[in-house]
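Next come the chains, spelled out residue by residue.
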Amino acid sequence: MRLSIVNVSKTFPSVKALDDVSMEFAPGEVHALMGENGAGKSTLLKIVTGLYRPDAGLLKLDGELVEFFSPRDALAAGIGAVHQERNLVPRFSVGENILLEHPPGRRGFIDYGAIYDRARVLLELLDPGIDVRAEVATLSVAQMQIVEIAKALSLNARVLLLDEPTASITDHEAEALFKVIARLKAEGVAIVFVSHKLDEVLTISDRVTVLRDGRVMASGEAIAEMSRRRLVSLMIGREERIADVAGGAKQGKVALELREIATSYGHSGINLRLHEAEILGLYGLVGAGRSELARSIIGDGRITGGAICVGDRPARIRNPNEALRRHRIGYVSEDRKGEGLVLSHSIVSNIAVTIWRRIATRLWLIPPVVERNAVTPQVQRLAIKSFSLDQTVDTLSGGNQQKVSLAKWLAAKTDILLIDEPTVGIDIKTKVELHELIAQIARDGAAVLLISSDMAEMITLADRILVMHNFAVVGEFVNDRIYENGSEAIMSAIHAAEKDRKHLHDRAAIA
Amino acid sequence: MIGFRKFASQEWAGLAAIFVLGSALAAFLSPSFLTEYNIYVMLRSASVELLVAFSQMIVLAIGQMNLAVGALGGLVAVLFGAMLQLLGLPLPLAILIALLIGIVGGFINGLLTTRTGINGFIITLATGSAFTGINLGLTESRPFHGIPVEFVALGDSRWSFVPALLWPPLIVAPLLAIFLYRTKSGRKLLAVGGNMRAAELSGISANAMIIVAHAISGGLAGLAAVLAVSQLGAAQPEIGSTWLLISFAGPIIGGTALAGGYVSILGAMLAVLVIALIENMLVLMKVDPYWVRFALGGLVLVTVGVNRWRAHQMGRN
Amino acid sequence: MKPHFGRMSGIAVVMGLMLTGGAAIASDNHIVVAPGGPHPYFAVWEQAAADAQKDFGIASVKYRVPSDWKLELQTELMESLASQGVNGLGIFPGDPVGVNSTIAELKTRGIPVVTLGGCAQDPTDAVFCFATDPYKTTYTMTKALIAAIGGKGNIVHITGQIIDTNTKLREDAVQKAIDETNGAVKLLQTVADTDLDPTVADQKISALFAASKDQIDGIIATAHNSSAVTAKQLRSLGDKRIKFIGFDDDQAVLDDIKDGFAFGTYLQNAYGQAYLGAYALDLLASKTCTMKADAPWDKSPQTVHFIDSGVLKVTADNLATAKDEMKKMATGIQSKFKATYLNCK
Amino acid sequence: MSTTDLAPTPRARFEIAPQLGLAIIVGLLVVVFAWKQPGFVSSFNLFGMGRSLAVDVTVGFSQMAVLATGGMNLAVGSIGVCSVMFAGYLMQDLGLPVPLAFLLAVMLGGLLGWLNGFTIVRSGVNAFIVTLASANLYSGAMLILTKAQPINVLPPIVSSIGSYEILGYASPALVVALVIGLALYVFYRYSVPGKETLMAGANARAASMSGIAVSRSIILAHVLSGVLAGVAGLMVVARVGAAMPAVGGEDWLLPSFLAPVLGGTALAGGFVSVVGTFLGAMLVTVIRSGLLFVNISNFWLQLFLGLFLLAAVLAQRYRGLFRMRLT
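For every chain, the first residue of its written sequence is number 1, and the numbers climb from 1 along that sequence. As they are written, the chains are lettered A onward and the ligands numbered 1 onward, keeping that order. Residue-level local features of this predicted model are given only where pLDDT is at least 70; pairs of side-chain atoms are given and counted only at 80 or more, and the full residue set underlies all totals for whole chains, interfaces and linings. To obtain the side-chain values, all non-hydrogen atoms of the structure were included, while hydrogens and water were left out.

1. Considering the overall build of chain C
Keep this limit in mind: Under the scheme used here, helices are H or I runs from DSSP no shorter than 4 residues and strands are E runs no shorter than 2 residues, and both carry numbers assigned from the N terminus. Radius of gyration means the value over C-alpha atoms here, while the globule rule gives 2.2 Å times the residue count to the 0.38 power. Each residue's exposure class comes from its accessible area (1.4 Å probe, protein chains only) as a fraction of the maximum for that residue type: buried when under 20%, exposed when over 50%, partly exposed otherwise. By definition, residues are in contact when any of their heavy atoms lie within 4.5 Å. Using a 1.4 Å probe, the Shrake-Rupley method yields the accessible areas, and only the shown protein chains count as cover for residues.
Helix and strand content of chain C: eleven helices and 14 strands. Compactness check: chain C gives a C-alpha radius of gyration of 20 Å against a globular reference of 20 Å for 345 residues, within 12% of the reference. Judged by the C-alpha coordinates and their principal axes, chain C covers about 60 × 40 × 40 Å. Every one of the 345 residues in chain C was classed for burial, and the buried ones make up 65%. Expressed as a percentage of contacts within chain C between residues at least 6 apart in sequence, the contacts between residues at least 24 apart total 73%. When the accessible surface of chain C is totalled, it reaches about 11,600 Å², and 54% of it is carbon and sulfur.

What follows is the structure, given as structure tokens:
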């Protein structure tokens, strides 16, 4: 089915989100929709899926005019989508979530057998490891993402919109997804693919449309004729810049040391040394136990063995409150909507939360002016775009939200900062800004532990890299910031660990 | 052992264990506890409360609350009485109309909630006051006594220790279970409670489900009221005036999520039974009236504590 | 609705008054009688108010009911009535202690308040209390029950809300009557909080029967709904051995007496309370009369300005003639009231 | 990433703005009632209304303090009555001076609140169930200790506070309620613990990860709730000049929710409206009192109360000023 978007405009009270936008998604093609955060992609997707109505312009399916008043209409017309927000019912099973739109059954009754059978078929394409009967609430973030994709596939949609489907899944799972996409393409489905991962886009798409500030910059150009450089300059309006983060700051004293740490999450024998003015990278695939380690350090998980030293003194950190106040450790969560931000509160509050106690007067009151003055430098430094500091965070774009969640730790000026996946779902321009900022934080003397699954990011930023696999550290090397060397070192560490494990496994099997 | 672990992992397992242990304790302390008649008395008292708990539970399922459960029950009870005494309607017809009134009352709650977009909490608080107002205006707080003898006798009849009044909740419970766990509409309703946005994106009409939940809630409150009339032998205007707390305590102690999207029917039933057991024990043990409330609070806390401890133990393993 | 006993007796009182040439002083007073909340007991007050207005030529006698049994609502009603220019107020106190400050405020504004059906606790500014004495009545009822069960055995007391101050008085009265038997009668159990929601009452009373119906020889119920539910329970139990003495005139209680499931009940003079209350308030508000300082007040644990409105013991023997007896009692009090308690110009 | 590319509507800068509709409705009602019945705005009626308003507002604040954390406090009335009886005991039986007795009684409220909060935080059981049980425990203990007997020989100063008329219109209790309101406004808007409580209520995970001691915030909220319940109880003590076991209890349950929720406080936590709670209580008081002046037959009053309430809420919604913070 061919979906045409003709001269669509959409204005919100404060901004023109889409300005006379036209494009066409053809059957049997993967069409990448690119653009920075705030370029209007999500608004466009919401119009196509019936969540928003356009102010002007129209939608056509195979040349026929269509109007969507609700998501139901769009679904009925054969348009399916994987949205960015989690759209799962937590206490329902995986299978039921996948088939929520049209559960199999007769006369109003549900046939669970059929649900699980069908869901299993869909999941087998992506990740056979997920139990279709498991409650969604018990799944990991990556698994939920897979379930969302399976859910979209279940629709047998003729137009399939995928908004950042690979943001939180492993490379392995992403590859499975691309195979499925290839098959759907062969079946004549029109696929719209939204992603910030340029390499991914260049590999799997046939055509690309670029949006910038609500306007179309390039419409449906063949990917073969599009270079990476041109794509970036269309998106950001100028040439791509690589973050200037050349290390070289001298390493200071040891700021944080873990000795033979074991945790309730299942880590064991973790040794780690983090110096002042250093960025220590913690690389690993999704599920390697990196975030869990960071959480355990700040007291959000239980340490069951070993010792933590902050500075040169042993520390027992029981909760994040103690981590911040007593040991000056901050943690920028990967789950920014769930843990990093209080979405319904203002920008000011979200940033100043870590310093309220410090800036309060003797009566524990915070004059608004003082709070504002304390926050403004961070807002400016990070170039957070908003028209008022009192704006609630849920009205910000993802990139700006991420900046806010980082800004509060900049404001706190902690000695040690654990940063978890800082650029997931963030556009290129913002990503570069964030990279430079992280480098600056380290240059200013803070000890930074950077967790990332983005190898390029890791190699750009880290001074040293620890490789984690299966809740253990399996390798460590000094990063010379040359991509080939770094990736080689990382992959060999992981492979060696895999082999070891397999070996152990086999031995266990023989015994 | 595997069977036991499976049992213990159930949310209602703690309550079931407490009920059994509590019963054993009561039997040990008071010889009259395990008599056929006493068990009948206890179950008879629980009958209305079970329906009241279900009535609240179905609204909790969509993540809302119904503060008008008792007020609507009271209204249905007196209208039911009026139909029998003043209009002389035949009993089956009167029951049918009473249930319809309950459903309509719930429907109004649901309609107002969805049409205005105002939370059900406020709407049902206001309509509850209105329902009570109609009740008082019609009765001037005097009960209707003209209830057919055979209907009152039905409320007193039993088969061994099973009161006739227990049948309606016993029939409603599996129907609710089938509805919520097996039918498409039921699943949609729970999906709306679990994640309204996701449900809407999946083409489910949240508004329709909210109205359905409120209508069912009203119907169940109406049924509870009809049972209460049979139990009391008179259509008392005070019926429902103390339903509010039990309506929440049953489902919530039983494991239903306050936030919506998950209910435990068996849990709610067991919670109501445990509370009925506690109340029965307090009378059987001849507890000084001044100690009754204290003991009730303490025992509820113990119940919840034990259940929590079980969940904790399961979580650790 | 079936005619209420109280209402019938009330009409009879009016007839009686007319015959004896009841005083018909025209006045421009606005009198209000108000219970503590909606309750079937007070249903006859409405008629009593209308009758008083007509019989005594008062400008208006209104019956106003707070929308719920909450002291706060009654207080608001009283304040509101004062702002609306009422001249005299007869209330059933929502709380015997809690109403006093409002009564005092009304007094300073020149509005006399009498308490009807129940008393305010001394020290109070209420002019007098015209009510059933809970202590004395309960004591009498218990004595009657003890006599009915032959002077020995086990009895149970079923009573109203525990936070109602009168509940304690009733408990004490039951205890006193039992103590006087020197151990021949035992109080098996007191079951409280059975007056508000009949479902709760039903649960407690049925559990009571399940636990010890064979040991119970007599039951006394000292609140309206407690009594109604006990009556219903005894009937469904089909037990005529247990002697039951109830309170008030709920249809279930009267039917039980007729059919032998209940021994008797004590009727309060509800109509008379509102009727006489309005009459007295009119006289007081007109400033033509004042209370006699040395009036022959009855004794009550709650107040020294107590006038017993009387209760009537009704058993199978006098079920038929009860309304006539009620009439006699009410007219008796009414005819002597002015001379006994008032100094009039 | 952009969920919404830019804010469709910026949230109002001042908390008062969304409450404007409520204020207008209350104002209109007062005008209508006063026009129909001049007695409605007589000094005595205004005084009386203010006095009961003070109790409703304080009870509403007590509930609001816990709603801020996303919990509920079903024990507001039970804590209130415990404070009431304790104050009576201290004054009558121990002969303590009135201010000291009041202070200690309020502290008892705080202590009982602390017990709730502590139990909730330590056990992980939700506030609803814990306070349901503790409501019975507290009022049960009160019944055991007092045998439900009122304490009515209090120093005369107590009831003269209750009936003292400031300028003929205002009750001291109303002034106290206003001062509490002001203090709470400052607390939630400008103070560290207040702001932390709201954050913890909006998203406990995020607040905890930002270094807020969420457990402490929850306990603090319950202490505050207990203190305010105690204050409300003492207002009644002053009002009736006695300590009675019939104060509070379940009678306070629905009103305690009514005022904050009408005023826009979120049941889900993280947002409170002090001004709204005040206006919400005012709305109810005005309707209730106004209906007493209009000639409505006795037993239908409750119906009209419900209908008026419904109409007021709808009107507010219609004006587009009623915010959906209640999920």
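2. Some points on the overall build of chain B
Helix and strand content of chain B: 14 helices and two strands. A globule of 317 residues ought to have a C-alpha radius of gyration of about 20 Å, and chain B, at 20 Å, matches this closely. Counting the 317 residues in chain B, one finds 63% classified as buried. In chain B, the proportion of contacts linking residues at least 24 apart, taken out of those at least 6 apart, comes to 77%.

3. Details of the state of the cysteines
Residues and elements named next belong to chain C. Put simply, the rule is: Criterion for a disulfide: a pair of cysteine sulfur atoms at a distance within 2.5 Å.
Tallying each qualifying case throughout the model produces two disulfides over all chains. Across the disulfide, Cys 119 is cross-linked to Cys 129 (sulfur-sulfur distance 1.9 Å). Judged by the sign of its S-S torsion, about -80°, the bond between Cys 119 and Cys 129 is left-handed. Placement of Cys 119 in the loop between β4 (113-117) and β5 (129-131) and of Cys 129 in strand β5 is noted, with a sequence separation of ten residues between them.

4. Description of the packing of helix α2 (residues 43-56) of chain C against helix α10 (residues 270-285) of chain C
Residues and elements named next belong to chain C. Defined as follows: All axes here are fitted lines through C-alpha atoms, helices being fitted over the stretch that makes contact, and every angle between N-to-C directions spans 0 to 180 degrees. Here a crossing is called left-handed whenever its near helix is offset anticlockwise from the far helix by less than a right angle, and right-handed whenever the offset is clockwise. Under the convention adopted here, Pro, Cys and the residues Ala, Val, Leu, Ile, Met, Phe, Trp and Tyr are nonpolar, Asp, Glu, Lys and Arg are charged, and Gly plus all remaining residues are polar.
For the pair α2 and α10, interaxial distance at closest approach is 8 Å and the crossing angle is 35°. In terms of crossing hand, the pair formed by α2 and α10 is right-handed. Between α2 and α10, the residues in contact are Val 44, Trp 45, Gln 47, Ala 48, Asp 51, Ala 52, Asp 55 and Phe 56 and Ala 270, Tyr 271, Gln 273, Ala 274, Tyr 275, Ala 278, Tyr 279 and Asp 282, respectively. Grouping the amino acids of the contact of α2 with α10 by side-chain chemistry returns eleven nonpolar, two polar and three charged.

5. Comments concerning the environment of Ile 211 of chain B
Residue and element names in this part refer to chain B. Here Ile 211 is to be found in helix α11 (residues 206-232). Exposure remark for Ile 211: the relative accessible area of 16% places this residue in the buried category. Measuring from C-alpha to C-alpha, the distance between Ile 211 and Gly 110 comes to 4.2 Å, with 101 residues separating the pair along the chain. For Ile 211, the residues in contact, after removing those within four places along its chain, are Phe 107, Gly 110, Leu 111 and Thr 114.

6. Looking at the pairing of strand β14 (residues 303-310) of chain A
Residues and elements named next belong to chain A. The following threshold applies: Here a strand pair is declared whenever DSSP counts at least two bridges between the two strands.
Across six bridges, the pairing between strand β11 (residues 254-263) and β14 is antiparallel. Pairing of Ala 262 across the sheet is with Gly 305, part of β14. Note: β14 against strand β15 (residues 313-315), three bridges, orientation antiparallel. Across the sheet, the residue bridging to Ile 308 is Ala 315, located in β15. Counting the residues that bridge the hairpin from β14 to β15 gives two residues, and of these Gly 311 lies at a positive phi of roughly 65°.

7. A few points about the interface of chain D and chain A
Condition: A pair is scored as a salt bridge if a Lys or Arg side-chain nitrogen falls within 4 Å of a carboxyl oxygen belonging to Asp or Glu. Under this definition, polar contacts are N or O atom pairs within 3.5 Å; protein pairs additionally need one hydrogen-donor-capable and one acceptor-capable atom, and for neighbouring residues in sequence, both atoms have to be side-chain atoms.
Taken together, the 33 residues of chain D in the interface contact 60 residues of chain A. Summed over the shared surface of chain D and chain A, the number is four salt bridges. Between Arg 205 of chain D and Glu 339 of chain A there is a salt bridge whose closest N-O contact spans 2.6 Å. For the interface between chain D and chain A, the tally reads eleven residue pairs in polar contact (both at pLDDT 80 or more). Looking at the side of chain D that touches chain A, the elements that each hand over two or more residues are α7 (172-190), α8 (192-202) and α9 (204-209) of chain D. Looking at the side of chain D that touches chain A element by element, the count peaks at seven residues for α8 of chain D. A breakdown of the residues in the side of chain D that touches chain A according to their chemical character gives 16 nonpolar, ten polar and seven charged.

8. Considering the sheet that holds strand β4 (residues 56-61) of chain A
Residues and elements named next belong to chain A. Pairing in this open sheet of four strands is antiparallel, and the strands run β2-β1-β4-β5 from one edge to the other. The strands lining the two open edges of the sheet, one partner per strand, are β2 (15-25) and β5 (64-66). Between one strand axis and the next, the sheet turns through 30° on average, direction left out of account. Across the sheet, helix α1 (residues 41-48) touches β1 (3-12), β2 and β4, and the angle it forms with β1 is around 115°.

9. Concerning the pattern of salt bridges
What the rule picks out here adds up to 50 salt bridges over all chains. With a closest N to O distance of 2.5 Å, Arg 288 of chain D and Glu 76 of chain C form a salt bridge. You can see Arg 288 of chain D sitting in helix α12 (residues 274-293) and its partner Glu 76 of chain C sitting in helix α3 (residues 71-83), one on each of two chains. A single burial state applies to Arg 288 of chain D and to Glu 76 of chain C, both of which are buried.

10. What about the interface of chain D and chain C?
The criterion, for reference: Buried area counts how much accessible surface, traced with a 1.4 Å probe, disappears from two parts once they are put together, with both parts' losses summed.
Contacts between the two partners involve 31 residues from chain D and, on the opposite side, 33 residues from chain C. Here chain D meets chain C over a buried area of about 2,900 Å², counting both sides, of which 55% is carbon and sulfur. Sorting the residues of chain D by area buried against chain C places Phe 44, Leu 292 and Asn 298 of chain D first, and these three jointly supply 24% of that buried surface. Counting every contact that joins chain D to chain C gives six salt bridges. Where chain D touches chain C, the interface holds 13 residue pairs in polar contact (both at pLDDT 80 or more). The set of elements that each furnish at least two residues to the side of chain D that touches chain C consists of α2 (43-67), α10 (214-240), α12 and α13 (301-318) of chain D. When residues in the side of chain D that touches chain C are grouped by element, the largest group, six residues, is from α2 of chain D.

11. Concerning the confidence of the model for chain C
All names here are of chain C. Note the cut-off: Summary of the metric used: pLDDT quantifies the predictor's per-residue confidence within the range 0 to 100.
Of all residues in chain C, 92% have pLDDT values of 70 or greater, and the mean over the chain is 86. In this model residues 1-24 is a low-confidence stretch, pLDDT under 50, and it forms 48 contacts with partners more than four residues away in sequence or in other chains. Interface predicted TM-score (ipTM) for the complex: 0.86; the corresponding pTM is 0.88.

12. Considering the nonpolar core
The following threshold applies: By nonpolar core is meant a set of buried Ala, Val, Leu, Ile, Met, Phe, Trp, Tyr and Cys residues that side-chain atoms within 4.5 Å join together.
Residues Phe 54, Phe 80 and Ile 253 of chain B together with Phe 61, Met 91, Tyr 188 and Leu 283 of chain D are the most contacted members of the largest nonpolar core, which totals 233 residues. With residues up to four places along the chain from it excluded, the contact list for Met 91 of chain D reads Leu 96, Val 98, Ala 101, Phe 102, Leu 154, Pro 155, Val 158 and Val 237 of chain D. By size, the runner-up hydrophobic cluster in this structure holds 54 residues, among which are Ile 115, Met 144, Leu 153 and Ile 191 of chain A.

13. What about a positive patch on the surface?
Going by this rule: A patch consists of residues exposed above 30% relative accessible area that lack any salt bridge, with like charges linked at up to 9 Å and nonpolar side chains (Val, Leu, Ile, Met, Phe, Trp, Tyr) linked at up to 5 Å. Positive charges come from Lys and Arg, negative ones from Asp and Glu, while His and the chain ends are left out of the count. Lys charges are placed at NZ, Arg charges at CZ, Asp charges at CG and Glu charges at CD.
Residues Arg 325, Arg 358 and Lys 413 of chain A together with Arg 216 of chain D make up a contiguous surface patch of positive charge. As for its position among the elements, Lys 413 of chain A is in the loop between α15 (398-412) and β17 (416-420).

14. With respect to the sheet that holds strand β16 (residues 329-332) of chain A
All names here are of chain A. Sheet architecture is open: six strands sit in the order β16-β17-β18-β13-β19-β20, paired in mixed fashion. The open sheet has two free edges, formed respectively by β16 and β20 (472-478), since each of these has just one partner strand. Neighbouring strand axes in the sheet, compared pairwise and without regard to direction, differ in orientation by 20° on average. Summarising the sheet, strand β13 (residues 279-283) and strand β18 (residues 447-452) pair through five bridges and their orientation is parallel. Residue pairing for β18: Ile 279 is matched across the bridge by Val 448. Relative to the sheet, helix α9 (residues 290-297) contacts β13, β16, β17, β18 and β19 (464-469), its axis offset from that of β18 by approximately 150°.

15. Topic: a nonpolar patch on the surface
A contiguous nonpolar patch, built from Phe 109 of chain A together with Trp 167, Leu 170, Ile 171, Leu 175 and Ile 178 of chain B and spanning about 570 Å² of accessible area, is present on the exposed surface. Counting through the fold element by element, Leu 175 of chain B comes out in helix α8 (residues 167-182).

16. Focus on the packing of aromatic side chains
Residue and element names in this part refer to chain C. Let me state the cut-off plainly: Working definition: rings of Phe, Tyr and Trp (its six-membered ring) pair if their centres are within 6.5 Å, and the pair is stacked with planes under 30 degrees apart, edge-to-face with planes over 60 apart, and tilted otherwise.
Inspection of the entire model under this criterion finds 24 aromatic pairs over all chains. Seen from their ring centres, Phe 42 and Trp 45 are 4.8 Å apart, and the 75° between their planes marks the pair as edge-to-face. Exposure remark for Trp 45: the relative accessible area of 0% places this residue in the buried category. Ring centres 5.4 Å apart and planes at 40° place the aromatic pair Trp 297 and Tyr 341 in the tilted group. Pair noted here: Trp 297 is in the loop between β11 (289-291) and β12 (306-308) and Tyr 341 is in helix α11 (residues 322-341), with a separation of 44 residues, a long-range link. Residue Trp 297 shares its accessibility class with Tyr 341, and that shared class is buried.

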